[in-house]
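Structural overview for review
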Amino acid sequence: QVQLVESGGGLVQPGGSLRLSCGVLGNSFSITAAGWYRQAPGQAREWVASITNGGFTNYTDSVKGRFTISRENGANRISLQMSSLKTEDSAVYYCRMDWGQYAAWGQGTQVTVSS
């Protein structure tokens, strides 16, 4: 069992930027894929962005051009750079890392976009 820890959440005004980070505690094998999900109150959890170990990225349509997912080379650590934030981006953001036969979730970090 591994533990994922997210950081970087907070309060930001519409149009602002925020950077989230997620890392795994302890020693681990290389991940095969990782991603970010989010869940707003009363809503289902939705996929936001993903990245493979080879660096291929993908995004949900609503964040394309505004969000960028990245992976630290040689480490099981990912980030989500969020720009031009909108109120509808407000949610708890969750990190997920995949080792193929096993996956782990972080406990979430709150992102609130409000004026």
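Let me begin by describing the structure that accompanies this report. Since this is a predicted model, take the numbers as computed values, not measurements.

1. Some remarks on the packing of aromatic side chains
Inspection of the entire model under this criterion finds two aromatic pairs. Arranged with centres 6.1 Å apart and planes meeting at 45 degrees, the rings of Trp 99 and Tyr 102 form a pair that is tilted. Its guanidinium or amino end placed over the ring of Tyr 94, Arg 45 lies 3.7 Å from that ring's centre, counting from NZ or CZ.

2. A look at the pattern of salt bridges
Applying the stated criterion to the full structure yields five salt bridges. As a salt-bridge pair, Arg 38 and Asp 89 come within 3.0 Å of each other at their nearest N and O atoms. In this pair, Arg 38 sits in strand β4 (residues 33–39) while Asp 89 sits in the loop between β8 (77–82) and β9 (91–98), placing the two residues 51 residues apart along the sequence. The residues Arg 38 and Asp 89 share a single accessibility class, namely buried. The salt bridge involving Asp 98 is made with Arg 96; its shortest N-O contact spans 3.6 Å. Here the residues in one salt-bridge network are Arg 38, Glu 46, Arg 66 and Asp 89, joined through shared partners.

3. Some words on the sheet that holds strand β3 (residues 18–24)
Strand-to-strand pairing in sheets goes through backbone hydrogen bonds, with the strands running parallel or antiparallel. Spatially, the four strands line up as an open sheet ordered β1-β3-β8-β7, and their pairing is antiparallel. Two strands lie at the open edges of the sheet, namely β1 (4–7) and β7 (67–71), each paired on one side alone. The sheet shows a mean angle of 15 degrees between the axes of neighbouring strands, taken without regard to direction. One ladder, built from five bridges, connects β7 with β8; its direction is antiparallel. Along β8, the bridge assignment pairs Thr 68 with Gln 81.

4. Quick word on the side chain of Arg 38
By relative accessible area, which is 5% here, Arg 38 ends up buried. Here Glu 46 takes part through its side chain, which lies 2.7 Å from a polar atom of the side chain of Arg 38. Dropping the residues within four chain positions of it, Arg 38 is found in contact with Ala 44, Arg 45, Glu 46, Val 48, Ser 62, Val 63, Phe 67, Glu 88, Asp 89, Ala 91, Val 92 and Tyr 93.

5. Focus on the environment of Arg 77
With respect to the element layout, Arg 77 can be found in strand β8. Taking relative accessible area as the criterion, Arg 77 reaches 34% and is therefore assigned partly exposed.

6. A look at the pairing of β9
Among the eight residues that make up β9, six are buried, leaving the element largely enclosed by the rest of the structure. Judged from the seven bridges that link them, β4 and β9 form a sheet pairing that is antiparallel. Bridging from a neighbouring strand, Ala 34 pairs with Met 97 of β9. Pairing of β9 with strand β11 (residues 109–113), which is carried by three bridges, proceeds in the antiparallel orientation. What sits directly across from Val 92, in β11, is Gln 110. Here β9 pairs with strand β10 (residues 103–105) via three bridges, running antiparallel. Counterpart to Arg 96 in the pairing with β10 is Trp 105.

Calculation notes
Residues numbered from 1 in each chain as written. Predicted model: local features only at pLDDT ≥ 70, side-chain atom pairs only at ≥ 80, totals over all residues. Heavy atoms only, no water. Phe/Tyr/Trp six-rings, centres within 6.5 Å; stacked < 30°, edge-to-face > 60°. Lys NZ or Arg CZ within 6 Å of the ring centre and 35° of its normal. Salt bridge = Lys/Arg side-chain N within 4 Å of Asp/Glu carboxyl O. Helix = DSSP H or I, 4+ residues; strand = E, 2+ residues; numbered from the N terminus. Buried < 20%, exposed > 50% of the residue type's maximum accessible area, 1.4 Å probe, protein only. Pairing = 2+ DSSP bridges. Axes fitted to C-alpha atoms, helices over the stretch in contact; angles between N-to-C directions. Polar contact = N/O pair within 3.5 Å; in protein donor to acceptor, adjacent residues only side chain to side chain. Contact = heavy atoms within 4.5 Å.

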